[in-house]
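The residues making up each chain are set out below.
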Amino acid sequence: ASERHFSRADLVRRQQERRSRQEADAATKLQATYRGHVARKDCSRLQEEREHAAKRLQSSYRGHQLRTEVAKRQQQRQQEHLAASKIQAVHRGRLCRQGYVPPPAAATLPPPVATEAAPAEEKAAA
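Counting restarts for each chain, with residues numbered from 1 along the sequence as it is written. Local features in a predicted model are, by the rule used here, given only for residues with pLDDT of at least 70; side-chain atom pairs are given and counted only at 80 or more, and totals for whole chains, interfaces and linings are based on all residues. Side-chain numbers come from the whole structure's heavy atoms, not from hydrogens or water.

A. Structural view of the overall build of the chain. What counts as a helix is a DSSP run of H or I of at least four residues, what counts as a strand is a run of E of at least two, and both are numbered from the N terminus. From N to C terminus, the chain includes three helices and zero strands. Put simply, the chain runs from its N terminus to its C terminus through helices and strands in the order α-α-α. Burial classes: relative accessible area under 20% of the type maximum marks a residue as buried, over 50% as exposed, and values in between as partly exposed (1.4 Å probe, protein chains only). Buried positions account for 2% of the 126 residues belonging to the chain. To be clear on the numbers: accessible area is Shrake-Rupley with a 1.4 Å probe, and residue cover counts the displayed protein chains and nothing else. When the accessible surface of the chain is totalled, it reaches about 12400 Å², and 55% of it is carbon and sulfur.

As C-alpha coordinates, this is what we get:
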(Lines give C-alpha, C1' and ligand atoms only; values in the text may rest on other atoms or scores of the structure.)
Protein backbone atom coordinates (compact mmCIF):
# COMPACT_ATOMS: atom_id res chain seq x y z
CA ALA A 1 0.00 0.00 0.00
CA SER A 2 1.25 3.34 -0.83
CA GLU A 3 1.24 5.91 1.87
CA ARG A 4 0.46 9.45 1.04
CA HIS A 5 2.70 12.09 2.37
CA PHE A 6 1.30 15.56 2.79
CA SER A 7 3.36 18.63 3.07
CA ARG A 8 2.90 21.00 5.94
CA ALA A 9 1.33 23.54 3.57
CA ASP A 10 -1.27 20.95 2.47
CA LEU A 11 -2.17 20.20 6.09
CA VAL A 12 -2.49 23.91 6.93
CA ARG A 13 -4.63 24.50 3.82
CA ARG A 14 -6.96 21.58 4.68
CA GLN A 15 -7.26 22.80 8.25
CA GLN A 16 -8.17 26.31 7.02
CA GLU A 17 -10.73 24.85 4.59
CA ARG A 18 -12.30 22.79 7.40
CA ARG A 19 -12.39 25.84 9.68
CA SER A 20 -13.83 27.94 6.87
CA ARG A 21 -16.60 25.35 6.27
CA GLN A 22 -17.36 25.24 10.01
CA GLU A 23 -17.60 29.02 10.14
CA ALA A 24 -19.83 29.05 7.05
CA ASP A 25 -22.05 26.36 8.59
CA ALA A 26 -22.21 28.30 11.86
CA ALA A 27 -23.09 31.50 9.98
CA THR A 28 -25.78 29.65 8.02
CA LYS A 29 -27.24 28.23 11.24
CA LEU A 30 -27.18 31.67 12.87
CA GLN A 31 -28.90 33.25 9.84
CA ALA A 32 -31.55 30.51 9.76
CA THR A 33 -32.22 30.96 13.48
CA TYR A 34 -32.58 34.72 13.09
CA ARG A 35 -34.80 34.39 10.00
CA GLY A 36 -36.99 31.93 11.90
CA HIS A 37 -37.25 34.39 14.79
CA VAL A 38 -38.26 37.21 12.43
CA ALA A 39 -40.77 34.97 10.61
CA ARG A 40 -42.42 33.89 13.88
CA LYS A 41 -42.57 37.50 15.03
CA ASP A 42 -44.19 38.56 11.72
CA CYS A 43 -46.61 35.65 11.89
CA SER A 44 -47.59 36.61 15.43
CA ARG A 45 -48.09 40.24 14.39
CA LEU A 46 -50.25 39.18 11.43
CA GLN A 47 -52.33 36.94 13.70
CA GLU A 48 -52.90 39.85 16.09
CA GLU A 49 -53.88 42.11 13.20
CA ARG A 50 -56.35 39.51 11.94
CA GLU A 51 -57.87 39.10 15.38
CA HIS A 52 -58.15 42.88 15.74
CA ALA A 53 -59.79 43.14 12.30
CA ALA A 54 -62.20 40.33 13.20
CA LYS A 55 -63.15 42.09 16.43
CA ARG A 56 -63.76 45.35 14.57
CA LEU A 57 -65.89 43.54 12.00
CA GLN A 58 -67.90 41.76 14.71
CA SER A 59 -68.36 45.01 16.60
CA SER A 60 -69.57 46.81 13.47
CA TYR A 61 -72.01 44.01 12.68
CA ARG A 62 -73.38 43.93 16.23
CA GLY A 63 -73.81 47.72 16.14
CA HIS A 64 -75.66 47.41 12.83
CA GLN A 65 -77.90 44.68 14.27
CA LEU A 66 -78.66 46.79 17.33
CA ARG A 67 -79.43 49.91 15.30
CA THR A 68 -81.72 47.89 13.04
CA GLU A 69 -83.53 46.42 16.05
CA VAL A 70 -83.93 49.86 17.67
CA ALA A 71 -85.30 51.29 14.42
CA LYS A 72 -87.82 48.45 14.18
CA ARG A 73 -88.95 49.01 17.77
CA GLN A 74 -89.31 52.76 17.20
CA GLN A 75 -91.36 52.13 14.06
CA GLN A 76 -93.55 49.65 15.96
CA ARG A 77 -94.09 52.16 18.79
CA GLN A 78 -94.97 54.85 16.27
CA GLN A 79 -97.49 52.55 14.57
CA GLU A 80 -98.99 51.64 17.96
CA HIS A 81 -99.24 55.35 18.85
CA LEU A 82 -100.96 56.12 15.55
CA ALA A 83 -103.35 53.20 16.03
CA ALA A 84 -104.18 54.34 19.58
CA SER A 85 -104.78 57.90 18.35
CA LYS A 86 -107.10 56.60 15.61
CA ILE A 87 -109.06 54.49 18.13
CA GLN A 88 -109.41 57.51 20.42
CA ALA A 89 -110.52 59.73 17.55
CA VAL A 90 -113.12 57.18 16.43
CA HIS A 91 -114.40 56.83 20.00
CA ARG A 92 -114.61 60.59 20.53
CA GLY A 93 -116.44 60.99 17.21
CA ARG A 94 -118.91 58.31 18.23
CA LEU A 95 -119.51 60.01 21.59
CA CYS A 96 -120.08 63.36 19.87
CA ARG A 97 -122.55 61.84 17.42
CA GLN A 98 -124.46 60.35 20.38
CA GLY A 99 -124.65 63.81 21.98
CA TYR A 100 -122.34 63.17 24.89
CA VAL A 101 -120.93 66.37 26.43
CA PRO A 102 -117.95 65.84 28.75
CA PRO A 103 -117.98 67.70 32.07
CA PRO A 104 -115.71 70.74 32.41
CA ALA A 105 -112.09 69.78 32.95
CA ALA A 106 -111.81 71.61 36.31
CA ALA A 107 -114.70 69.65 37.80
CA THR A 108 -113.14 66.30 37.02
CA LEU A 109 -109.80 67.00 38.65
CA PRO A 110 -109.38 65.89 42.28
CA PRO A 111 -108.46 68.55 44.83
CA PRO A 112 -104.69 69.19 45.16
CA VAL A 113 -102.95 67.09 47.79
CA ALA A 114 -100.74 68.93 50.29
CA THR A 115 -97.14 67.81 50.15
CA GLU A 116 -94.33 68.24 52.60
CA ALA A 117 -92.46 70.43 50.14
CA ALA A 118 -95.23 73.11 50.22
CA PRO A 119 -94.59 74.27 53.84
CA ALA A 120 -90.86 74.42 53.18
CA GLU A 121 -91.48 76.61 50.14
CA GLU A 122 -93.71 78.91 52.21
CA LYS A 123 -90.94 79.30 54.81
CA ALA A 124 -88.38 80.06 52.13
CA ALA A 125 -90.67 82.71 50.59
CA ALA A 126 -91.22 84.45 53.99
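B. Looking closely at helix α1 (residues 8–97). Here the expected length of a helix is defined as 1.5 Å per residue gap, with one fewer gap than residues. Helix length check: α1, at 90 residues, gives a terminal C-alpha distance of 132 Å against a target of 134 Å (1.5 Å per residue), a fit within 8%. Three or more residues of α1 are buried, namely G36, G63 and G93. Remark: G99 follows α1 within two positions and exhibits a positive phi of approximately 90°.

C. Broad picture of the pattern of salt bridges. The term salt bridge refers to a pairing of a side-chain nitrogen on Lys or Arg with a carboxyl oxygen on Asp or Glu at a separation within 4 Å. Inspection of every chain in the model, using the stated rule, returns four salt bridges. Residue R13 is joined to E17 by a salt bridge in which the shortest nitrogen-to-oxygen separation is 3.3 Å. Here the residue R13 and the residue E17 both occupy positions in helix α1, the gap between them amounting to four residues, near one helical turn. Its relative accessible area of 39% is what places E17 among the partly exposed residues. The partner of R45 in a salt bridge is E49, with the nearest N and O atoms 2.9 Å apart. Note that R45 and E49 are positioned in helix α1 at a spacing of four residues, about one turn of the helix. The partly exposed category is assigned to E49, whose relative accessible area is 41%.

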